[in-house]
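If you want the building blocks of each chain, they are given just below.
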Amino acid sequence: MSRFWTKKITELDPYVPGEQPQDKQYIKLNTNESPYSPSPKALTAMSEAVSESLRLYPDPNCMTLKNALAKQYHFDAKQVFVGNGSDEVLALAFMGYFAGGKPLAFADITYSFYKVYANLYDIEPALIPLTDSFDIDPNDYQNLDVSGVVVTNPNAPTGKALPLSDIEKVLQANPDVVVLVDEAYVDFGAESATNLVNQYPNLLVVQTFSKSRALAGIRVGYAFGHPDLIEGLERLKNSFNSYPIDRIALAGATAAVEDQDYLAEICSKTIATREWASTELTKLGFNILKSATNFVFVTHPEKDAEAIYLKLKEEGILVRYFGKKPRIGKYLRITIGTDAEMTALVDALKVL
Ligand code: PMP
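Residue numbering note: each chain is counted from 1, following its sequence as written. Given that this is a predicted model, residues contribute local features only at a pLDDT of at least 70 and side-chain atom pairs are listed and counted only at 80 or more, while totals for whole chains, interfaces and linings are drawn from all residues. Each side-chain value is worked out from all heavy atoms of the structure, with water and hydrogens disregarded.

Q: An account of the packing of aromatic side chains is requested, with residue identities and associated values reported.
A: Note on aromatic pairs: each is described by the distance of the centres and the angle between the planes. Working definition: rings of Phe, Tyr and Trp (its six-membered ring) pair if their centres are within 6.5 Å, and the pair is stacked with planes under 30 degrees apart, edge-to-face with planes over 60 apart, and tilted otherwise. Considering all chains together, one arrives at 21 aromatic pairs under this definition. A ring pair is formed by Tyr15 and Phe113, whose centres lie 4.3 Å apart and whose planes are at 10°; its orientation type is stacked. Here Tyr15 is found in the loop between helix H1 (7-11) and strand S1 (27-29), whereas its partner Phe113 is found in helix H5 (residues 113-120), with 98 residues between them in sequence. Residue Phe113 is classed as buried on the basis of its relative accessible area, which comes to 14%. Helix and strand assignments follow DSSP, with helices taken as H or I runs no shorter than four residues and strands as E runs no shorter than two, numbered in order from the N terminus. Between buried and exposed lies partly exposed: a residue is buried under 20% and exposed over 50% of the maximum accessible area for its type, with that area taken using a 1.4 Å probe on protein chains only.

And the structure:
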């Protein structure tokens, strides 16, 4: 608290990221990072960028990266926006498309940063409860009187995916506002709404390099949408920070997009490990939601989630416990690590 703080700062309720403790080496299964290293081609491109021209500003328009994304996903570069992590893309979209009007619709259980941005921009959340089985029901997204809709697919922290036909129902019911589909985890098993971008001028699809491409450390996210929606985001970005993507990140992300084989390889490894780990956790009595992501959301009918979290931490394994929040206080979110890491997790849970 400071007497120099404005009312705005005082009233903020900042996002709290998953813990990144420095006291010892943990098996980190708490922030949905990839356990694999990024594409070797991305690593080479980044070291070349370091030895080349860091004295110069990067390209403010990120054209090499936009062109690579446009080519890979069959868009025009004018349909691509790039930001400093998908968090920044979300922040700009909230400011540009949802602020200053009606409430914003999103699920009661979803990525907790949406509430933080809503608070930052004085947007009232219109929370739409997930069903009892933790699903998004598109019927709950009809006849809304809102400034926009955010759908997370697959959802976090539940891990559950929606079919594209359900996303389309949400789009058709809300043609006059932006529908933002956050696809941070889509590469691990959900259908992407990128195929709908050319049909729906109100659709913004947001993805990230942080999960499936194992590049959380360089902070790059992107969005696909109608050129007018993208231009709006560019205007905002250029009114805030012209160079959010540095030269190293640009080089690494561009090379990573061009290495689709590596993306496919590490995603299929994660999916195989997820299925194995889900079977093992089921044998230990856990209930596991069907995951289309690089994490599983689990609960145990007899064991206390917080106690499991604390015990695992003592054993050097970090998982995400969200505290005693409504509806999810009995759940843990566990990121899928390597086979060895997940074996260590299962072994530790066996003796709990
Ligand atoms: N959306 C969702 C649903 C997420 O879980 C995350 C990761 N915390 C993000 C967006 C942001 O990812 P990043 O900023 O690393 O791209």
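Q: Describe in detail a nonpolar patch on the surface, supporting the description with residues and values.
A: Side chains of Met1, Trp5, Ile9, Leu12 and Leu120 sit close together on the surface and give an oily, nonpolar patch of about 500 Å² of accessible area. With respect to the helices and strands, Trp5 occurs in the segment before H1. To count toward a patch, a residue needs a relative accessible area over 30% and no salt bridge; like charges are then connected within 9 Å, while nonpolar side chains (Val, Leu, Ile, Met, Phe, Trp, Tyr) are connected within 5 Å. Areas reported here follow the Shrake-Rupley algorithm with a probe of radius 1.4 Å; residue values treat only the protein chains shown as occluding. What makes a salt bridge here is a side-chain nitrogen of Lys or Arg within 4 Å of a carboxyl oxygen of Asp or Glu, nothing more.

Q: Describe the packing of helix H4 (residues 85-98) against H5, naming the residues involved and giving the relevant values.
A: An axis is simply a line fitted to the C-alpha atoms; with a helix, the fit covers only the stretch in contact. Between two such axes, the angle follows the N-to-C directions and lies from 0 to 180 degrees. For the pair H4 and H5, the least separation of the axes is 10 Å and the interaxial angle reads 40°. When the interaxial angle is binned, H4 and H5 end up oblique. Crossing geometry of H4 relative to H5 is assigned as right-handed. Of H5, the residues touching H4 (which contributes Asp87, Glu88, Leu90, Ala91 and Phe94) are Phe113, Tyr114, Tyr117 and Ala118. We call Asp, Glu, Lys and Arg charged. Ala, Val, Leu, Ile, Met, Phe, Trp, Tyr, Cys and Pro are nonpolar, and the rest, Gly among them, are polar. For the contact of H4 with H5, the per-class residue count stands at seven nonpolar, no polar and two charged. Angle categories: roughly parallel below 35 degrees, roughly antiparallel above 145, roughly perpendicular from 65 to 115, and oblique for all the rest. Should the near helix be turned anticlockwise from the far one by less than a right angle, the crossing is left-handed, and should it be turned clockwise, the crossing is right-handed. Throughout, a contact is declared for two residues whenever any of their heavy atoms are within 4.5 Å.

Q: Mind laying out unusual backbone geometry, listing which residues take part and the relevant values?
A: Residue Asn153 is joined to Pro154 through a cis peptide bond whose omega torsion reads -5°. Summarising the element assignment, Pro154 is placed in the loop between strand S5 (148-152) and helix H6 (164-173). One non-glycine residue, Asn32, lies in positive phi territory at about 55°. The topology assignment puts Asn32 in the loop between S1 and helix H2 (40-52). Take Asn32: its relative accessible area is 1%, and that puts it in the buried class. Even without being glycine, Ala214 reaches a positive phi, approximately 55°. Its place among the elements puts Ala214 in the loop between strand S7 (203-208) and strand S8 (221-225).

Q: Account for the nonpolar core, with residues named and values stated.
A: Each nonpolar core is a collection of buried residues, namely Ala, Val, Leu, Ile, Met, Phe, Trp, Tyr and Cys, held together in the definition by side-chain atoms within 4.5 Å. Counting 55 residues, the largest nonpolar core has Leu65, Leu69, Val82, Ile167, Leu203, Phe209 and Val220 as its most contacted members. Among the elements that make up this core, the one with the highest residue count is helix H8 (residues 247-258) (six residues). Not counting the four nearest positions on each side in its chain, Leu69 is found in contact with Val80, Val82, Phe209, Tyr222, Phe224 and Val257. Listed in part, the 26 residues of the second largest apolar core include Ala91, Tyr117, Val178 and Leu180.

Q: Residues and numbers for the pattern of salt bridges, please.
A: Between side chains of opposite charge, a pair can form when the charged atoms approach closely. Inspection of the entire model under this criterion finds 16 salt bridges. Between Glu11 and Lys7 there is a salt bridge whose closest N-O contact spans 3.1 Å. With Glu11 and Lys7 both in helix H1 and four residues apart, the pair spans about one turn of that helix. For Glu11, a relative accessible area of 46% corresponds to the partly exposed category. Judged by its relative accessible area of 64%, Lys7 falls in the exposed class.

Q: Explain the packing of helix H9 (residues 260-283) against helix H11 (residues 339-350) to me, using residue names and the numbers behind them.
A: For any two helices packed against each other, one specifies the crossing angle of their axes together with the interaxial distance. Close contact between H9 and H11 brings their axes to 10 Å; oriented N to C, the two are set at 10°. Classified by the interaxial angle, the pair formed by H9 and H11 is roughly parallel. Contact residues: Thr273, Trp276, Ala277, Glu280 and Leu281 in H9; Asp339, Met342, Thr343, Leu345, Val346 and Leu349 in H11. Its residues assigned to classes, the contact of H9 with H11 comprises seven nonpolar, two polar and two charged.

Q: Could you give an account of the side chain of Asp259, naming the residues involved and the relevant values?
A: Relative to the helices and strands, Asp259 is located in the loop between H8 and H9. We note that Asp259 is buried and unpaired, the nearest opposite charge coming from Lys41 at a distance of 4.2 Å. Not counting residues within four places of it along the chain, the set of residues in contact with Asp259 comprises Ser39, Pro40 and Lys41. Charged residues are defined narrowly, with Lys and Arg counted positive, Asp and Glu counted negative, and His plus the chain ends left uncounted.

Q: A description of the site of the ligand should follow, citing residues and the corresponding values.
A: Whether a residue is near a molecule or strand depends on its heavy atoms: it is near if one of them lies within 4 Å of it. All residues adjacent to the ligand are Gly85, Ser86, Asp87, Tyr111, Thr152, Asp182, Ala184, Tyr185, Thr208, Ser210, Lys211 and Arg219. In this structure, Tyr111 approaches the ligand through a side-chain N or O atom, which is 3.2 Å from a nitrogen atom. Side-chain atoms alone can form a polar contact between residues adjacent in sequence; in general such a contact is a pair of N or O atoms within 3.5 Å, and within protein one must be able to donate a hydrogen while the other accepts it. The side chain of Asp182 places a nitrogen or oxygen atom 2.7 Å from a nitrogen atom of the ligand. For the ligand, whose free accessible area comes to 400 Å², the fraction covered by protein is 92%. No other element matches the three residues that H4 contributes to the shell around the ligand. Counted by class, the shell around the ligand contains three nonpolar, five polar and four charged residues.

Q: Describe the confidence of the model for the protein chain, naming the residues involved and giving the relevant values.
A: Averaged over every residue, the pLDDT of the protein chain is 97; residues scoring 70 or more account for 100%. A score from 0 to 100, pLDDT tells how confident the predictor is in each residue. Here H1 is the element of the protein chain with the lowest mean pLDDT, 93, and S8 is the one with the highest, 99.

Q: Explain the pairing of S7 to me, and be specific about the residues and the numbers.
A: Extensive coverage of S7 is indicated by the burial of six of its six residues. Neither face of S7 is left uncovered, since the one carrying Leu203, Val205 and Gln207 and the one carrying Leu204, Val206 and Thr208 both have all their residues buried. Here, a strand pair is defined by DSSP locating no fewer than two bridges between the strands. Inspection of the sheet shows strand S6 (residues 178-182) paired to S7 by four bridges, in the parallel sense. Counterpart to Leu180 in the pairing with S7 is Leu204.

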